Amino acid sequence: MEHAQQNGIAVNQLGYRSRDAKIAVIAGQGGRFRIVNAENGEVVWQGQTAPAIEDASSGRTVSRGDFTAWEAPGTYRIETEDGQSSESFGINDAVYQDAHRAMLKAFYYFRCGAALDEPHAGPWKHEACHLTPAIVHGHESRQVDAWGGWHDAGDYGKYVVPGAKAAADLLLAFDLYPEAFAQPLPLPESDGRMPDVLHECRYELDWLQRMQDEESGGVFHKLTTLRFPAGDVMPEDDTAPLYLSPVSATATGCFAGVMAMSARIYSPYDEAFAASCLKASERAWAWLEDHPDEPGFRNPAEIATGEYGDGQDADERYWAAAELYRTTGETPYHEAFRALAKQGSFGKYELGWADMGGYGTFAYLMSEQEEEPELAQELMAGLLRRADELAAVSDRDGYGLSLLPDQYIWGSNMLVMNHAMLLLVAGRLSGSEDYERHVHEHVHYVFGANVMGTSYVTGYGARPIRHPHHRPSEGDGVEEPVPGLVSGGPNKGLHDDYAREHLAGRAPAASFADVMESYSTNEVAIYWNSPAVFVLSHLV
Ligand code: G3I
Ligand code: 9MR
Ligand code: ZN
């Protein structure tokens with residue numbers, strides 16, 4: 001059953017930091033609105049909405065009530081003269097702390113190959129899973145033991161490309177906001193020396209290294225069963241044979257990128273591990289150089305799990321070259337990066353599982369190595385142009401979001417958080433604070449300031465999603481889903497039977513259902529959590 005209903009006054013259900021932008025999005029023509037102290041019913045502040053907007057994404061007329069000026073800590077709700085009332089929310093500077101930790105802890109819950117024990121997992125504990133070696137597809141007598149890593153999502157597949165994105169987001173978050181990771185989570189590996197975020201990423205990076213083909217240095221695209229198990233199977237009960245799909249250039253490219261990044265970031269904590277990352281990256285790079293014209297990955301005919309198909313590998317190569325240059329300072333990587341940058345046939349500001357050029361651009365712009373001034377200027381100007389475009393879209397959107405109506409695609413919440421991440425990096429590199437309020441509104445959207453009136457993060461907010469497409473949450477017999485998971489969010493593409501039957505005709509941002517069956521709107525995934533951890537790292 002779907003519980004979420006579209007809400008009259010949408011707010012961030014977690015609440016607001018005192019100094020942040022604060023906008024209540026009110027359905028209808030608006031007018032006067034008031035802030036009421038939720039404890040004693042007293043009216044503490046009154047305001048007037050801006051003129052109403054026809055909001056194409058939500059399909060609604062909405063009015064924005066800006067109460068940024070009200071900064072006093074407390075618990076409140078918003079009311080209008082026609083009798084509407086919002087969920088109650090807090091104002092205080094610690095509103096994001098718990099959610100940030102839970103969204104990072106989520107990666108522990110995604111772990112494959114290790115038992116999740118009660119001290120760390122609470123009621124969501126389960127046995128170890130997927131420990132049998134994987135058969136190399138097409139070479140059936142060969143097996144590779146690639147245990148570990150994170151399950152991708154609501155399914156138990158492990159895919160290199162989204163895994164590299166997720167790890168990169170967390171590593172970048174740590175790199176830019178180390179103080180956000182000072183507290184232990186804790187994890188089984190917590191040692192008070194290396195921050196837990198690095199322990200958690202290491203769990204994935206070790207698996208990624210196992211995915212590198214010993215024979216060629218290329219990286220297998222994915223490790224999955226032949227098809228998806230039923231929706232309530234616990235990981236330890238998913239015992240069908242495991243297969244490695246063939247090596248791909250996209251997997252090998254982003255592997256080289258995230259490994260070179262890891263070599264740099266782990267070096268102060270674990271020199272031997274850092275060295276193994278660099279070696280793995282260089283080997284992957286050598287494979288890429290030997291394979292300049294690779295076809296895009298397609299699922300072998302027998303394998304029906306997630307494809308992560310992508311015909312364009314220049315962006316992954318670009319990312320790899322940038323990170324290898326940033327980490328080693330060696331000229332050939334700079335040359336390769338410049339050549340790829342000139343090619344121009346791919347997005348240089350994208351942070352998705354398919355288009356990863358943004359990571360290369362970030363690495364080059366943040367590098368301490370000598371850069372080519374014209375190229376750096378060009379990339380910086382492009383980054384700011386992109387940020388300005390996102391800000392301009394946000395200024396016209398009813399909910400302050402940078403998504404256009406046709407961007408409510410499968411995993412739209414990843415775009416919401418990727419855009420906020422890009423705005424943060426653009427602000428940091430340029431010294432501009434102009435993007436800050438847009439970042440806040442993107443976060444507010446995820447936690448409830450959206451047309452569904454839903455918090456898209458399990459366990460957080462007054463009306464969080466309760467029925468994500470997540471096999472452990474469905475199969476574990478625990479009422480509450482695993483906490484801290486980010487739902488994919490509205491998808492106007494109607495890519496599952498539930499959506500086709502119940503969501504046809506809805507506005508893009510309302511094409512969402514909090515039901516397990518709707519995997520194309522309400523699945524969870526590591527690479528939807530990871531940019532959200534990055535963004536919240538700025539706010540804690
Ligand atoms: O990029 C185009 C866009 O240009 C176009 O306007 C739009 C119109 O629908 O489509 C966009 O492509 C979509 C693409 O996602 C965007 O990234 C495709 O339609 C859509 O089918 C595709 O969905 C992917 C889905 O797998 C199906 O392949 C999701 O991105 C991807 O996140 C999802 O990943 C799954 C794995 O396969 C298995 N594990 C769970 C995971 C999350 O659901
Ligand atoms: O459960 C699967 C989900 O994890 C994947 O992201 C999705 C991608 O296509 O597929 C889901 O599996 C569905 C399958 O594709 C079609 N039959 C119904 C399955 C859901 O139970
Ligand atoms: Zn597993």
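Residues numbered from 1 in each chain as written. Chains lettered and ligands numbered in written order. Predicted model: local features only at pLDDT ≥ 70, side-chain atom pairs only at ≥ 80, totals over all residues. Heavy atoms only, no water.

Considerations on a nonpolar patch on the surface
Thought 1: Residues Ile-409, Trp-410 and Tyr-519 make up a contiguous nonpolar surface patch of roughly 270 Å² in combined accessible area.
Thought 2: Overall, Tyr-519 belongs to the partly exposed group, its relative accessible area being 33%. (Patch = residues over 30% accessible without salt bridge, like charges linked within 9 Å, V, L, I, M, F, W, Y side chains within 5 Å. Areas by Shrake-Rupley, 256 points an atom, 1.4 Å probe, with all protein chains shown as cover. Salt bridge = Lys/Arg side-chain N within 4 Å of Asp/Glu carboxyl O. Buried < 20%, exposed > 50% of the residue type's maximum accessible area, 1.4 Å probe, protein only.)

Here's the deal with the site of ligand 1
Thought 1: By nearness alone, 13 residues border ligand 1, and Asp-152, Asp-155, Trp-410, Glu-523 and Tyr-527 come closest of all.
Thought 2: The contact in question runs from a nitrogen atom of ligand 1 to an N or O atom on the side chain of Asp-152, over 2.9 Å.
Thought 3: One nitrogen or oxygen atom from the side chain of Trp-410 is found 3.1 Å from an oxygen atom belonging to ligand 1.
Thought 4: With the chains in place, 61% of the 770 Å² that ligand 1 exposes on its own is no longer accessible.
Thought 5: Partitioning the shell around ligand 1 into residue classes produces 8 nonpolar, 2 polar and 3 charged. (Near = heavy atom within 4 Å. Polar contact = N/O pair within 3.5 Å; in protein donor to acceptor, adjacent residues only side chain to side chain. Nonpolar A, V, L, I, M, F, W, Y, C, P; charged D, E, K, R; others polar.)

Details of the pattern of salt bridges
Thought 1: Across all of its chains, the model carries 26 salt bridges by this definition.
Thought 2: Between Glu-118 and Lys-125 there is a salt bridge, and its shortest N-O distance comes to 3.0 Å.
Thought 3: Judged by its relative accessible area of 42%, Lys-125 falls in the partly exposed class.
Thought 4: The closest approach of N and O atoms between Glu-307 and Arg-298, which form a salt bridge, is 3.4 Å.
Thought 5: Here Glu-307 falls in the partly exposed class, since its relative accessible area comes to 25%.

Observations concerning helix α8 (residues 331-343)
Thought 1: The end-to-end C-alpha distance of α8, which contains 13 residues, comes to 19 Å, matching closely the 18 Å that a straight helix rising 1.5 Å per residue would cover.
Thought 2: Regarding α8, the residues found buried are Tyr-333, His-334, Ala-336, Phe-337, Leu-340 and Ala-341. Buried positions in α8, seen along its axis, are confined to an arc of 160° and lie on one side of it. The exposed set on the far side of α8, more than 90 degrees from its buried face, consists of Pro-332 and Lys-342. (Helix = DSSP H or I, 4+ residues; strand = E, 2+ residues; numbered from the N terminus. Expected span 1.5 Å × (residues − 1). Arc of directions from axis to C-beta.)

What to know about the nonpolar core
Nonpolar side chains in soluble globular proteins tend to be buried together.
Thought 1: Ranked by size, the top nonpolar core spans 153 residues in total, and within it Trp-150, Phe-447 and Phe-534 carry the most contacts.
Thought 2: When near neighbours in sequence (up to four residues on either side) are disregarded, Phe-534 contacts Asp-169, Leu-172, Ala-173, Leu-176, Tyr-177, Met-421, Leu-424 and Val-425.
Thought 3: Residues Ala-24, Ile-26, Tyr-76 and Ile-91 belong to the second largest nonpolar core, which totals 13 residues. (Core = buried A, V, L, I, M, F, W, Y, C linked by side-chain atoms within 4.5 Å. Contact = heavy atoms within 4.5 Å.)

Quick word on the sheet that holds strand β1 (residues 9-10)
Thought 1: Reading across the sheet, the 4 strands line up as β1-β2-β6-β5 and stay open at both edges, with antiparallel pairing between neighbours. Edge positions in the sheet fall to β1 and β5 (53-55), since each has one partner strand and no second.
Thought 2: Note: β5 against strand β6 (residues 60-66), 3 bridges, orientation antiparallel. In the sheet register, Asp-55 faces β6, and the bridge partner there is Arg-60. (Pairing = 2+ DSSP bridges.)

Digging into the state of the cysteines
Thought 1: Scanning all chains against the criterion turns up 0 disulfides.
Thought 2: Here Cys-201 stays unpaired: no disulfide links it, and the sulfur of Cys-277, its closest cysteine neighbor, is 11 Å away. (Disulfide = S-S within 2.5 Å.)

Points about the layout of surface pockets
Thought 1: Volume-wise, the largest pocket comes out at about 810 Å³.
Thought 2: As for the largest pocket, its lining consists of 35 residues, and the residues nearest its centre are Tyr-308, Trp-353, Trp-410, Tyr-527 and Trp-528.
Thought 3: For the lining of the largest pocket, the secondary structure elements donating two or more residues are α10 (373-396), α11 (412-430) and α16 (526-539).
Thought 4: No other element matches the 5 residues that α11 contributes to the lining of the largest pocket.
Thought 5: Considering only enclosed or pocket space, the second largest pocket measures out at about 170 Å³ in volume.
Thought 6: In this structure, the second largest pocket is lined by Gln-97, His-100, Arg-101, Leu-104, Glu-179, Ala-180, Phe-181, Ala-182, Gln-183, Leu-185 and Val-540. (1 Å grid on protein atoms, 1.4 Å probe; cavity = no way out; pocket = protein on both sides within 12 Å on 5 of 7 lines; lining within 4 Å. Points joined across faces, edges and corners; volume = space filled by probe spheres on them.)

Remarks on the coordination of the zinc ion (ligand 3)
Thought 1: Here the zinc ion (ligand 3) is held by the protein donor atoms Cys-112 (SG), Cys-129 (SG), His-130 (ND1) and His-151 (NE2), which lie 2.0 to 2.3 Å from it.
Thought 2: One can describe the donor arrangement at the zinc ion (ligand 3) as tetrahedral, given that its 4 donor atoms subtend angles of 100 to 116° at the metal.
Thought 3: What makes Cys-112 buried here is its relative accessible area of 0%.
Thought 4: For His-130, a relative accessible area of 9% corresponds to the buried category. (Donors = N, O, S within 2.8 Å, 3.2 Å for Na, K, Ca; no water. Tetrahedral: all angles 85-135°; square planar, octahedral: opposite > 155°, others 65-115°.)

Re empty space enclosed by the protein
Thought 1: On inspection of all chains with the given rule, the structure shows 5 cavities of 30 Å³ or more.
Thought 2: For the second largest cavity, the calculated volume is near 40 Å³.
Thought 3: Taken together, Ser-248, Ala-249, Thr-250, Glu-294, Pro-295, Gly-296, Phe-297, Asp-310, Gly-311, Gln-312 and Asp-313 make up the full set of residues lining the second largest cavity.
Thought 4: For the lining of the second largest cavity, the residue count by class is 3 nonpolar, 5 polar and 3 charged.

Nothing here speaks to function; it is all geometry.
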